[in-house]
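# Analysis of the macromolecular model
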Amino acid sequence: MKLSKAEVEHVAWLARLELSDEEKDRLTGHLNQILLHFGKLQELDTSEVEPTSHSIPIQNAFREDVVGACLSVEDAISNAPEARDDYFVVPQVVEM
Amino acid sequence: MDLSTLTAHELHDMLKARKVSSREITQAVLDRISGVEDRVRAYVTVTADEALEAARAVDERIARGDEIGPLTGIPAAIKDNMCTRGVLTTCASKILHNFVPPYDATVVERLSQAGAVIIGKTNLDEFAMGSSTENSGLFVTHNPWDVTKVPGGSSGGSAAAVSAGEAIFALGSDTGGSIRQPASFCGVVGLKPTYGRVSRYGLVAFASSLDQIGPITRDVTDTALVLQTIAGKDPLDSTSVDVPVPDYSAALRNDVRGLKIGVPSELFAQGVQPEIADAVWKGIKLLKSLGADYREVPMPIMEYTLPTYYILAPAEASSNLARYDGVRYGHRSRHSPDVLSMFSKTRDEGFGAEVKQRIMIGTYALSAGYYDAYYLKAQKVRTLVRQAYDEAFKEFDVLISPTSPTVAFGIGERVDDPYQMKLADVCTIPVNMAGIPGLSLTCGFHDGMPIGLQIMGKPFDEETVLRVAYTFEQNTDYYKRQPGLN
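Computed from a prediction, not measured in an experiment: that's the story for all the values here. (Residues numbered from 1 in each chain as written. Chains lettered and ligands numbered in written order. Predicted model: local features only at pLDDT ≥ 70, side-chain atom pairs only at ≥ 80, totals over all residues.)

## A few points about the domain arrangement of chain B
Residue and element names in this part refer to chain B. In terms of domains, chain B is made up of domain 1 (3-259) and domain 2 (303-378). On the domain 2 side, the residues contacting the 21 residues of domain 1 number 17 residues. The class makeup of the residues in the side of domain 1 that touches domain 2 is 9 nonpolar, 10 polar and 2 charged. (Domains from an automatic or database assignment. Contact = placed C-beta atoms within 7 Å. Nonpolar A, V, L, I, M, F, W, Y, C, P; charged D, E, K, R; others polar.)

This is how it looks when you write it as structure tokens:
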């Protein structure tokens, strides 16, 4: 299962990473190296095995639907690269 | 006597007896930092003024006759991936180079409530991804035992700080060994508690089903004291488990009679240096001479844990790191014509090479057409790992293995071989996959560098793990040795 540069570019697009050509080449090589090792897992028969997403199973971690303390808007935007009033400012999103 | 070389419990006794003040202890640690930090480089941020102020407040309480707890007035370091309100928290990444959290992580809150004095934030591999702290986006930390060697990772800064006397204890985080392995490389004690034992609220997430916070200390008594303070259900972390917190200090008995130790054969293979295996076996036999019994147990699933982990962890990381987009905090790329290129340029500029690599692997493993073959498969192998441990724990009370296949390696030695680097985690990774507790402590030295022995226990049975560790420690004197850094 060897990744082509085009596939790497697709994955980079999914991950929202704008990579340089040099980075794409390096990552293609690295990823292919790692993918080789993944092949080992095919040796295991897992057809009757349930997947584990929680190593320590707990159920229904609920709380009462009651309003509690939360971050103030001021605190929440305190690290914004750009903010105005109570908003985070970003480059234009919607095409007019 | 240099106060910075003592343990929390020793300092606590001195504080109670009014032989020393918290200000003197804090100053001693700050002086030590001034003296050795140029060579160790454990700290991203030292909060000297805040620490001295906190120490002053503790001394006032003591003068008033207030009761103090075991960690009151004791200087602690916090790994820089845990949020500290008002104090820079970088995760050793350029993408968070200017992030100042507006809230404290629960563990930081609990330490503060207990009166601990936060000395500063320690260096790590960027976003906790790495095994040497060489992936820090800021600078490299050095091993206090030999400054040409790595301190291990990803909690390298925390382990080096405790080892060098630059903190009395520290908090680290562990996803695939990031507390235990640097503890073993730096000759200190590191515990990864059972998954869900300690709140992850405020810990910058790497792999949410694997991450845990735990103590890094000079001896096992301190491990128990710190765990006591940070453990317990937290309403802010829905993965924290509502299991009562026992008295961990009461578990510290010098007694392993009747204890059954399992020794997983595969964890002594996979590139483990003979000197390491010898030292760990010596430790197991010492425990036998003290009344325990051991048996080698094959756990063939161990051969599959490294590739499984390197699907699961990056997949979860790719999701957790999606939030770093330049919108709400951290670095934002300048001159982006539109929001999509702002995201992509920001992330390319802000993330280091290892982080990008893992995001890419994780994104690929989760993408349409590959999810079943990789991520789902890895989750099924994870079930097999858990089952293997469940089976082993039917017979054994604890399992013992080396913490890492080697002692600390040279800075720069493995950076060009990512898979070699990851082999350093082969003994620690399965523990995170199963969610069980694991502790590392020093069991010997090789070429002057500490060797770590790992004790693994049943879920929520930190008490037995601590008892075995304490017994081992009290019957050897490795824990008393300190690096000759002056």
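## Describing the interface of chain B and chain A
On the side of chain A, 41 residues touch chain B, which itself brings 58 residues to the contact. When residues of the side of chain B that touches chain A are traced back to their parent elements, those giving at least two are α9 (305-320), α10 (339-350), α11 (353-366), α12 (372-395), α13 (418-423) and α14 (429-434) of chain B. When residues in the side of chain B that touches chain A are grouped by element, the largest group, 11 residues, is from α12(B). Partitioning the side of chain B that touches chain A into residue classes produces 31 nonpolar, 16 polar and 11 charged. (Helix = DSSP H or I, 4+ residues; strand = E, 2+ residues; numbered from the N terminus.)

## Remarks on the sheet that holds strand β3 (residues 117-122) of chain B
Residue and element names in this part refer to chain B. The strand order across the open sheet formed by 11 strands is β1-β3-β2-β4-β6-β5-β10-β11-β9-β7-β8, and the pairing between neighbours is mixed. Two strands close off the open sheet at either side, each with one partner strand: β1 (43-46) and β8 (293-297). Taken over all neighbouring pairs, the strand axes of this sheet differ in orientation by 30° on average, direction set aside. On the sheet, helix α8 (residues 274-289) packs against β7 (260-264), β8, β9 (398-402), β10 (438-446) and β11 (449-457) and is oriented at approximately 115° with respect to β10. (Pairing = 2+ DSSP bridges. Axes fitted to C-alpha atoms, helices over the stretch in contact; angles between N-to-C directions.)

## Comments concerning the environment of K149(B)
All names here are of chain B. Checked against the element boundaries, K149 lands in the loop between β3 and α5 (156-164). K149 gets classed as buried once you count the C-beta atoms within 10 Å, which come to 22. Along the sequence, K149 and I411 sit 262 residues apart, while their C-alpha atoms lie 5.0 Å from each other. The contact partners of K149, leaving out residues within four places of it in the chain, are N143, A408, F409, G410, I411 and M449. (Buried ≥ 20, exposed ≤ 12 C-beta atoms within 10 Å, placed from the backbone.)

## A word on the nonpolar core
Residues and elements named next belong to chain B. One finds A76, A167, F169 and A469 to be the most contacted residues of the largest nonpolar core, which totals 162 residues. The element contributing the most residues to this core is α12, with 9 residues. Residue-level mapping places this core at the junction of two domains, with at least three residues from each of domain 1 (3-259) and domain 2 (303-378). Among residues more than four places away in sequence, those in contact with A469 are V220, L439, L441 and I455. (Core = buried A, V, L, I, M, F, W, Y, C linked by C-beta atoms within 7 Å.)

## Observations regarding the pairing of strand β2 (residues 75-79) of chain B
Residues and elements named next belong to chain B. Counting buried positions along β2 gives 5 out of 5 residues, so the element sits mostly inside the fold. The side-chain alternation of β2 yields two buried faces, one formed by P75, A77 and K79 and the other by A76 and I78. Relative to β3, β2 is paired through 5 bridges, and the arrangement is parallel. When the sheet's bridge partners are listed, I78 is paired in β3 with K121. Taken together, the 3 bridges between β2 and strand β4 (residues 169-174) define a ladder with parallel strand orientation.

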